[in-house]
Amino acid sequence: MRHVARAVPAALLVLVTAAVAAAATLAVGDALPAITLADQHDVSGTIGPEVRIVVLTRDMAAGDVVKDGFAGMDQAALDLRGAVYVADIDGMPSMIASMFAIPKMRDRSYRILLDRDGAATRDVPYAEGRPTVLFVESGKITRVAQPANGDELRQLLQPQPQP
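What you see is a predicted model; the values in this text were computed from it and never measured.

### Observations concerning the overall build of the protein
- The helix and strand inventory of the protein stands at five helices and seven strands.
- Along the protein, helices (α) and strands (β) appear in the sequence α-β-β-β-α-α-β-α-β-β-β-α when read from the amino end.
- Expressed as a percentage of its 163 residues, the buried residues of the protein come to 37%.
- Contacts spanning at least 24 positions in sequence make up 69% of the contacts within the protein whose residues lie at least 6 apart.

### A word on the pairing of strand β3 (residues 53-57)
- Counted residue by residue, β3 has five buried out of five residues, so it is predominantly covered.
- Judged by which residues are buried, β3 turns out to be covered on both faces: I53, V55 and T57 on one side and V54 and L56 on the other are all buried.
- The pairing of β3 with strand β4 (residues 83-88) spans five bridges and is parallel. Bridged to T57 within β4 is A87.
- Looking at chain direction, β3 and strand β6 (residues 132-137) are connected through four bridges and run antiparallel. Opposite L56, over in β6, you have T132 as the bridge partner.

### Focus: the side chain of D88
- Relative to the assigned elements, D88 resides in strand β4.
- One polar contact links the side chain of D88 to the main-chain amide nitrogen of D90, over a distance of 2.9 Å.
- Among residues more than four places away in sequence, those in contact with D88 are L56, T57, R58, D115, G118 and T121.

### Points about the pattern of salt bridges
- One pass over the full model with this rule turns up four salt bridges.
- Between R58 and D88 there is a salt bridge whose closest N-O contact spans 2.9 Å. With R58 in the loop between β3 and α2 (60-69) and D88 in strand β4, this residue pair connects regions lying 30 residues apart in the sequence.
- Its relative accessible area of 25% is what places R58 among the partly exposed residues.

### Digging into the nonpolar core
- V55, F70, Y85 and V133 are the most contacted members of the largest nonpolar core, which totals 24 residues.
- For this core, the elements supplying multiple residues, two or more each, are β3, α3 (75-81), β4, α4 (94-105), β6 and α5 (150-156).
- I47, V86, L113 and I141 belong to the second largest nonpolar core, which has 15 residues in total.

### Observations regarding the sheet that holds β4
- The strand order β5-β4-β3-β6-β7 describes an open sheet built from five strands, whose pairing is mixed. Each end of this open sheet is capped by a strand with a single partner; those strands are β5 (113-115) and β7 (140-145). Across the sheet, the mean angle separating the axes of adjacent strands is 25° when strand polarity is ignored.
- Note that β4 and β5 share three bridges and pair parallel. Looking at the pairing, D88 lines up with D115 of β5.
- Together, β3 and β4 form the strand contacts of α2, whose direction differs from that of β3 by roughly 140°.

### So, unusual backbone geometry
- The phi torsion at D42 lies on the positive side, around 65°, for a residue other than glycine.
- Relative to the helices and strands, D42 is located in the loop between β1 (35-38) and β2 (44-47).
- By relative accessible area, which is 52% here, D42 ends up exposed.
- In this structure, S138 is a non-glycine residue whose phi angle is positive, near 50°.

Definitions and limits used
- Residues numbered from 1 in each chain as written.
- Predicted model: local features only at pLDDT ≥ 70, side-chain atom pairs only at ≥ 80, totals over all residues.
- Heavy atoms only, no water.
- Helix = DSSP H or I, 4+ residues; strand = E, 2+ residues; numbered from the N terminus.
- Buried < 20%, exposed > 50% of the residue type's maximum accessible area, 1.4 Å probe, protein only.
- Contact = heavy atoms within 4.5 Å.
- Pairing = 2+ DSSP bridges.
- Polar contact = N/O pair within 3.5 Å; in protein donor to acceptor, adjacent residues only side chain to side chain.
- Salt bridge = Lys/Arg side-chain N within 4 Å of Asp/Glu carboxyl O.
- Core = buried A, V, L, I, M, F, W, Y, C linked by side-chain atoms within 4.5 Å.
- Axes fitted to C-alpha atoms, helices over the stretch in contact; angles between N-to-C directions.

As far as function goes, none of this settles anything; it's purely spatial.
So, in structure tokens, the structure goes:
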């Protein structure tokens, strides 16, 4: 009986935590909060009102999709699209991040904002192995996509004609 009494509060805590986490996920129509993070060169960058596309990765497979999708692009190409790339590296061991991953990121021709503790991007929806692409207009999320490969990501990043 004592084991049941201990298990019930633990089960309730798991359910409440899951419900809060699900409720906090950003969705179409939500305002995109301003986020300030350091990039791979330790230079601060802000996701502000001028941003129209946010690309987020949380795992290596999703990072590979972005690397393939961004092939041939530089920072000017991302700026033209109003796009910002954010990598949540919270799950990466800090020694691996500092000795290998971040130095490799410095070789990229575009900026990567780094969410080192996962706090800034925790509310962004995510699918394992796929980047999340948030489309933003006037500070509100208008569309969420999770491309499976670099070609799909490149299609999503094509400049859209202005009305």
